[in-house]
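Topology and contacts: notes
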Amino acid sequence: MRKQKYNAEWIKRIAMSEIFTVATTLIVILASVVSFSIFVRIYRNATEEDVVTSSEQAVVQVRNMVSGYIKDMSGVMDMIHENIGKKERYQDEFLENLLEVRTDIIAITTYDSEGRLLDCWSGGYEVKKNYLKNLSYDSKVPKETAAAGQLYITKPHVESLFVDYYPWVVTISQYMQRAGGEYVQVAIDIKFSNIARYVDDVGIGQHGYCYIMNHKGGIVYHPQQQLIYSGLKEERYATILKEGTQMNQETIYAVEKVENCDWLIVGVSYVDEMITSRVEKVVHTLMIIIPAVILAAFLAGSMFSRIFSRPAKRLTKAMGEFEKNTDGFQFHPITGTKEIATISDSFEHMVLQIQRLVEQVRQEEISLRKTELKALQAQINPHFLYNTLDAIAWMCEEERNQDAEEMVNALAKLFRISISKGYELIPIEKEVEHAASYLKIQNYRYKNQFTYQFDVEDECLLYYCNKITLQPIIENAIYHGLDRMVEEGKIRIAIFEDGEDIVFTVEDNGVGMTEEECREILYRETSDRVGIGIKNVNDRIKIYFGEKYGLSIKSELDEGTKVIIRMPKVTERNYVEK
Amino acid sequence: MWRNKSNMIRLTALLSAVLLLAGCAYAGQGTDKGKDGMSNAGKKRKVALIAKSTTSAFWKSVYSGSSAASTACNMELLFEGPEKEEDYETQNKMIEQAVREGYEAIVFSAVDYKKNAEAINAAAAKGVKIVGIDSDVDSNAVSCRIGTDNYNAGCVAGQAVLSGKEGILYVGIVNFEKRSENGQERERGFFDTVKKDEHVHIVETINVISTTEDAKKETLRLLDRYPHINTIVTFNEWTSLGVGYAVREKRAGEKIHVVAFDSNVVSVGMLETGEVDALIVQNPYAMGYLGVETAYNLLNGTPARKERIDTETLCVTRENMYDDECQKLLFAFE
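Notes on the structure in this doc start here. Only a predicted model underlies this, so the values are computations on that prediction, with no experimental measurement involved. (Residues numbered from 1 in each chain as written. Chains lettered and ligands numbered in written order. Predicted model: local features only at pLDDT ≥ 70, side-chain atom pairs only at ≥ 80, totals over all residues. Heavy atoms only, no water.)

What follows covers the overall build of chain A. In terms of helices and strands, chain A carries 15 helices and 18 strands. A burial count over chain A gives 44% of its 578 residues as buried. For chain A, the exposed area adds up to about 31,800 Å²; of that, 53% sits on carbon and sulfur atoms. (Helix = DSSP H or I, 4+ residues; strand = E, 2+ residues; numbered from the N terminus. Buried < 20%, exposed > 50% of the residue type's maximum accessible area, 1.4 Å probe, protein only. Areas by Shrake-Rupley, 256 points an atom, 1.4 Å probe, with all protein chains shown as cover.)

Within chain B, the secondary structure is distributed over 11 helices and 12 strands. Taken over 334 residues, chain B has a buried fraction of 55%. Excluding contacts between residues fewer than 6 apart, the proportion of contacts in chain B whose partners are at least 24 apart in sequence is 72%. Accessible area for chain B stands at about 14,700 Å²; split by element, carbon and sulfur atoms hold 50% of it. (Contact = heavy atoms within 4.5 Å.)

All names here are of chain A. Counting through the fold element by element, S136 comes out in the loop between β2 (117-121) and α4 (145-148). Polar contacts involving the side chain of S136 include one to the side chain of D189, which spans 2.6 Å. The residues touching S136, leaving out its near neighbours within four places in the chain, are T109, Y111, H157, E159, L161, T171, S173, A187 and D189. (Polar contact = N/O pair within 3.5 Å; in protein donor to acceptor, adjacent residues only side chain to side chain.)

Next up on the list: the sheet that holds strand β9 (residues 244-247) of chain A. Backbone-to-backbone hydrogen bonds join strands into a sheet, with any given pair of strands oriented parallel or antiparallel. All names here are of chain A. Read from one edge of the open sheet, 5 strands run β8-β7-β11-β10-β9, paired in antiparallel fashion. Looking at which strands have only one partner, the edges of the open sheet turn out to be β8 (219-221) and β9. Neighbour-to-neighbour, the strand axes of this sheet turn through a mean angle of 30°, independent of strand direction. Where strand β10 (residues 251-257) and strand β11 (residues 263-270) come together, 7 bridges link them in antiparallel fashion. Within β11, the position partnered with A254 by the bridge is G267. Across the face of the sheet, helix α7 (residues 271-324) comes into contact with β9, β10 and β11 while running at roughly 35° to β11. (Pairing = 2+ DSSP bridges. Axes fitted to C-alpha atoms, helices over the stretch in contact; angles between N-to-C directions.)

Looking now at the sheet that holds strand β2 (residues 75-80) of chain B. Residue and element names in this part refer to chain B. Within the open sheet, the 6 strands sit side by side as β2-β1-β3-β4-β5-β11. Their pairing is parallel. The open sheet has two free edges, formed respectively by β2 and β11 (308-311), since each of these has just one partner strand. Neighbour to neighbour, the strand axes of the sheet diverge by 20° on average, direction disregarded. Contacts from helix α3 (residues 88-100) reach β1 (45-50), β2 and β3 (105-108), with the element oriented near 160° to β3.

Attention now goes to the nonpolar core. Residues and elements named next belong to chain A. I80, I108 and W263 are the most contacted members of the largest nonpolar core, which has 107 residues in total. Per-element accounting of this core gives the leading share, 16 residues, to helix α2 (residues 16-84). Once you skip the residues sitting within four places of it in the chain, I108 turns out to touch I80, L95, L98, L99, D119, C120, W121, V186, A187 and I188. Among the nonpolar cores identified, the runner-up in size contains 51 residues, and I441, I474, I491 and I495 belong to it. (Core = buried A, V, L, I, M, F, W, Y, C linked by side-chain atoms within 4.5 Å.)

This part is about a nonpolar patch on the surface. On the surface, F20(A), M303(A), F304(A) and I307(A) cluster together into a nonpolar patch covering about 410 Å² of accessible area. Within the element layout of this structure, F304(A) appears in helix α7. (Patch = residues over 30% accessible without salt bridge, like charges linked within 9 Å, V, L, I, M, F, W, Y side chains within 5 Å. Salt bridge = Lys/Arg side-chain N within 4 Å of Asp/Glu carboxyl O.)

Here the focus is the environment of L286(A). All names here are of chain A. Position of L286 among the secondary structure elements: in helix α7. Among the residues examined, L286 registers a relative accessible area of 17% and is labelled buried. Taking C-alpha positions, L286 is 7.6 Å from F36, a pair spaced 250 residues apart along the chain.

Here we take up the packing of helix α9 (residues 382-397) of chain A against helix α11 (residues 428-445) of chain A. All names here are of chain A. Where α9 meets α11, the axes come as close as 10 Å, and the angle between the chain directions of the two elements is 60°. The angle between α9 and α11 falls in the class oblique. Where α9 crosses over α11, the two elements pack in a sense that is left-handed. Here α9 contributes F384, N387, T388, A391 and M395 to the contact with α11, which in turn contributes Y438, I441, Q442, Y444 and R445. Here the contact of α9 with α11 is composed, by residue class, of 6 nonpolar, 3 polar and 1 charged. (Parallel < 35°, antiparallel > 145°, perpendicular 65-115°, else oblique. Left-handed = near helix turned anticlockwise from the far one by under 90°. Nonpolar A, V, L, I, M, F, W, Y, C, P; charged D, E, K, R; others polar.)

This part is about the packing of aromatic side chains. In this structure the tally under the stated criterion is 30 aromatic pairs over all chains. Between F162(A) and Y165(A), the ring centres sit 6.1 Å apart and the planes meet at 5°, which makes this aromatic pair stacked. Both rings, one in F329(A) and one in F347(A), keep their centres 6.5 Å apart while their planes meet at 65°; by these two values the pair is edge-to-face. Taken together, the residues F329(A) in the loop between α7 and α8 (338-378) and F347(A) in helix α8 connect sequence positions 18 residues apart. For F347(A), a relative accessible area of 4% puts it in the buried group. A connected cluster of aromatic rings, assembled from ring pairs, spans W168(A), F192(A), Y221(A), Y229(A) and F333(B). One residue, K447(A), lies across the ring of W394(A), its end atom 5.9 Å from the ring centre. Between K46(B) and the ring centre of Y103(B), over which it is positioned, the NZ or CZ distance is 4.7 Å. (Phe/Tyr/Trp six-rings, centres within 6.5 Å; stacked < 30°, edge-to-face > 60°. Lys NZ or Arg CZ within 6 Å of the ring centre and 35° of its normal.)

For the rest of this paragraph, the subject is the pattern of salt bridges. Residues and elements named next belong to chain A. Counting across every chain of the model gives 33 salt bridges over all chains. When the shortest N-O distance is used, the salt bridge between D539 and K535 registers 2.6 Å. Of this pair, D539 and K535 both sit in helix α14 (residues 534-545), 4 residues apart, roughly one helical turn. With respect to class, D539 is no different from K535; both count as buried. Look at the salt bridges and you will find they share partners, linking D72, R102 and D104 into a network.

Residues and elements named next belong to chain B. On the secondary structure map, I133 appears in strand β4 (residues 129-133). Sequence-wise, I133 and A110 are 23 residues apart; in three dimensions their C-alpha atoms are separated by 8.3 Å. Apart from residues no more than four positions distant in its own chain, I133 is found in contact with L49, W59, V62, V107, F108, S109, I146, M287 and G291.

The grouping of R306(A), R310(A), K313(A) and R314(A) at the surface amounts to a positive patch. Structurally, K313(A) is set in helix α7. (Lys, Arg positive; Asp, Glu negative; His and termini not counted. Charge placed at Lys NZ, Arg CZ, Asp CG, Glu CD.)

One non-glycine residue, I468(A), lies in the positive phi region at around 50°. With respect to the element layout, I468(A) can be found in the loop between β14 (464-466) and α12 (470-482). The class of I468(A) is buried, set by a relative accessible area of 5%. One non-glycine residue, D262(B), lies in the positive phi region at around 65°. Mapped onto the elements, D262(B) comes out in the loop between β9 (257-261) and α9 (265-273).

Examined against the element boundaries, N182(B) turns out to sit in helix α6 (residues 181-194). Contacts of N182(B), omitting those with residues within four sequence positions, involve K52(B), D134(B), S135(B), N150(B) and F176(B).

A few words now on the pairing of β2(B). Residues and elements named next belong to chain B. Strand direction decides the pairing type here: β1 and β2, joined by 6 bridges, are parallel. In the sheet register, K46 faces β2, and the bridge partner there is E76. Since β1 and β2 lie parallel, the crossover through helix α2 (residues 57-72) that links them has a hand, and here it is right-handed. (Right-handed = clockwise from strand over helix to strand, strands pointing away.)

What follows concerns the pairing of strand β17 (residues 550-556) of chain A. Note on strand geometry: in a regular strand, side chains alternate between the two faces of the sheet. Residues and elements named next belong to chain A. Bridge count between β17 and strand β18 (residues 560-568): 7 bridges; the pairing is antiparallel. The residue bridging S552 from the neighbouring strand is I564, located in β18. What sits between β17 and β18 in their antiparallel hairpin is a turn of 3 residues, with D558 showing a positive phi close to 65°.

As far as function goes, none of this settles anything; it's purely spatial.
Written out as structure tokens, the structure reads:
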């Protein structure tokens, strides 16, 4: 429960746009990383297969060429076989021609079954008279090779029969039966030049290569033979390689057997350059692309979210403003996506409606008040009327006709002005007359217990004011201030201009009021008595002219009370407008 | 959790930026890696191999080794040497010129241990990497020395002499240029080996000009002066030939036991026919290859594996000359 609340707290602080941006970016990052690793794995496997296939292909190609070459040599061997029984002259001619045509053949030698050198055709090279050792003769050549067609090939050795010429050769040997019936071993010494052509240029990848070895792992031909002979390089795994494809941490070996002899073609390529470097290249590219995509996603995310959230923010702001200032708020429609536009339209509509409603409520209230007031004003305080009429009757009885007449006149004026044809505002002159009539009547009734005095500036007389403004205040002064007094009471009424305002003051020297009483008079509805109370006066002024205007009371106990009324200058003309 | 409204956005931006940077850094690293692959560099590095000579089989083999290495390392190789193996001045000029022409590394074999030092130091002062092969020079600027352990080779020659003939050995020594470091080292090794044996009498040591003709002439004079000499030791390819020819002329192949240095087709033939009885064979191909390869590594900031790399030597006699091992070292594969 608490946690939920906590969550709700922090989620409130995050804007929609941020969630959107972050979510987009995170999704893109996640997707990138996942697809990246999957892709790299798949790519690596594919590359591996690819590399294995291509090195196999390269090796098969070399194998085919070398096989072709061996077959070719086999053909040469057959030709020698055909010619070897012929007369010496033909035989020599044929073999010398052969040596001349086939530059890769260095020498052809024949041996009897004891291994003695019978003949040597060298193609022009000088043959040593006494050779130390003949590496071209191989005693291990089985005699059956004649039948099987299998060629017997030695490991590489130098040609040891020539003076000052020691090329590296391999010897292909075969036994054959001469016309005479005896067996001779024929040995062809071949240079590596042709084989080198097949092997040297085969590249597998950038640094991969092929070489030829025999089944024991001895190197027959290697593109870097001299490097191997100088001890600078070795083929480490040569002795354990088998036919097929083998791979270790660094190297891929593809091995194919050559037909009709014990040679194997080995293709060497490097995992590093063939696979790793390719994969790395892809990884490099991806490492550039993926952050770029993520960045783009981030930018796009924040852009989209801005498109959506900026109007949302503006809406929020507009709502805040509207809340603070309902009346004066003016809504400017917000452009944005469809949703935003809809919200904006709805809000605009709502603002107008609320403003209209508020205005309506206010008007209704005002008119209600006015009706109330009119009803109140229309009421005649019956006690006041009875008392006054009693007093007049009493005057008539005493035959104080003059006084009675004055009283009746005053009463008549009082009522006439009170009603004023139903207008709320009357000229101040009339209001003063109204107050004077009231005071006159009360003065008779209170038997001149108090005196009163008007100090009215003439300039003020033509302005308008709410009717029955002074009378309730004077009434209050008489009843609360002077009624209970022993000594003579005084009431002073003053009206004067104050800038743009008119100020009325009503002062008495009565018993005064406490602050609490003052507040009560101003703010509590009079229910005990009939007639217009001071609050009513204050309310009316405020409704008509606004909060600035209205009543204030200053009072001190046993000193007196001063009521100050402030209202704007209202001329006849702007009263009509109003 | 997110104190500031924009914290989350900043974090995401930061994350993206970090990834981007990582990507770039990774890619950048990728291009750096190129130097491992030997032939990836855009511009070819230039290396000069200044030899003592360019005509002997020894130096030809050095050349094929160095050119194999320069192909493997994708470098431009200049191979040159003076006409005469005593001509240190030409060598010095060659060094200067190579530096002028912008060669970044010099693989060098000194004619004169002392007199080549200044030129080498000057070249090194200009930032050229120096690798010494075969014959050393008196300079601290040499980053790596590659070649035969000459003292040891001298010892091997000594062993070959001791195992040659029965009885008292009257030994004549035909050496070349006295100021050349490797010849002196070989002689020292030889002396140190044979002096313990009371059968050995060193008759005389002569220093000849390193040509077949001069060696032959001087050897004949030596044999005329001391006819009782039954053993001759000589320390490089040309002097070996000279001695061989002299012995052949004297028809003394049986009588005189000759221990010679280096191999070419002629001296191998003499070994077979008996004028020469043992050849101390070095591995010039490896010297050339390793020299250039080391220079390449130095240029790429990889220090040499060792300060000294000894290439192998083999004592080849008539008996073992056609063994697999000897064949490989004796005869170049073309």
